[in-house]
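Secondary and tertiary structure notes
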Amino acid sequence: MMYSNSIYFLLGISICISPIFSGEYTTNVAPILLASRYGKNKLPIAKMISVYLFGLVVGFGLIIISYFEIMLLWGSTGGRGPFQLLFPFVPYPITIFQATIILVISIMSAVVLTIGFTTFLPSKFKSPFWVIILVAFV
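Residues numbered from 1 in each chain as written. Predicted model: local features only at pLDDT ≥ 70, side-chain atom pairs only at ≥ 80, totals over all residues. Heavy atoms only, no water.

1. Section: the layout of surface pockets
A volume near 960 Å³ is recorded for the largest pocket. Along its surface, the largest pocket is lined by 28 residues, and Met2, Ile70, Leu86, Ile96 and Thr100 are the ones closest to its centre. Elements with a minimum of two residues in the lining of the largest pocket: α1 (2–26), α3 (42–74) and α4 (96–120). Considering every element that reaches the lining of the largest pocket, the biggest residue donor is α4, with eight residues. (1 Å grid on protein atoms, 1.4 Å probe; cavity = no way out; pocket = protein on both sides within 12 Å on 5 of 7 lines; lining within 4 Å. Points joined across faces, edges and corners; volume = space filled by probe spheres on them. Helix = DSSP H or I, 4+ residues; strand = E, 2+ residues; numbered from the N terminus.)

2. Section: the environment of Gly78
Here Gly78 is to be found in the loop between α3 and α4. Of the residues examined, Gly78 reaches a relative accessible area of 44% and is grouped as partly exposed. (Buried < 20%, exposed > 50% of the residue type's maximum accessible area, 1.4 Å probe, protein only.)

3. Quick word on the packing of α4 against helix α6 (residues 128–137)
In the contact formed by α4 and α6, the axes pass within 10 Å of each other and the chain directions differ by 145°. Note on packing geometry: the crossing formed by α4 with α6 is right-handed. In this structure, α4 uses Thr114, Phe117 and Thr118 to contact α6, whose residues at the interface are Val131, Leu134 and Val135. Its residues assigned to classes, the contact of α4 with α6 shows four nonpolar, two polar and no charged. (Axes fitted to C-alpha atoms, helices over the stretch in contact; angles between N-to-C directions. Left-handed = near helix turned anticlockwise from the far one by under 90°. Contact = heavy atoms within 4.5 Å. Nonpolar A, V, L, I, M, F, W, Y, C, P; charged D, E, K, R; others polar.)

4. Considering the environment of Val131
Tracing the backbone through its elements, the reader meets Val131 in helix α6. Placed 11 residues apart in sequence, Val131 and Phe120 show a C-alpha to C-alpha distance of 9.4 Å.

Spelled out as structure tokens, the structure:
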């Protein structure tokens, strides 16, 4: 459940983030901002901090919601069971709880990489529409 929810979440986060960085390019304000006093260093740093903070907070919110959703459906017992109960042909000796922690780390890494990819593309495409389409296909 966390895997499928995270795919929709990554698409939603790219939809929210892409207009923040491509707004300057679509309105042709980017040269003016880059020529201003704070346009080359403080404005992009502030945008990056706010975007990553937004993505990580919403990512942790998604993980908490998914956790409670799973606890309501399946209960809290069974976390100490071997992972082979769910996937019999996996050769790794880990428990279901350890597999969940690995999944959470993987989802948060995907959030950070998607945010980086989404913040890089508006400078190349100059439009949030194409960024959203490319992130959806990737």
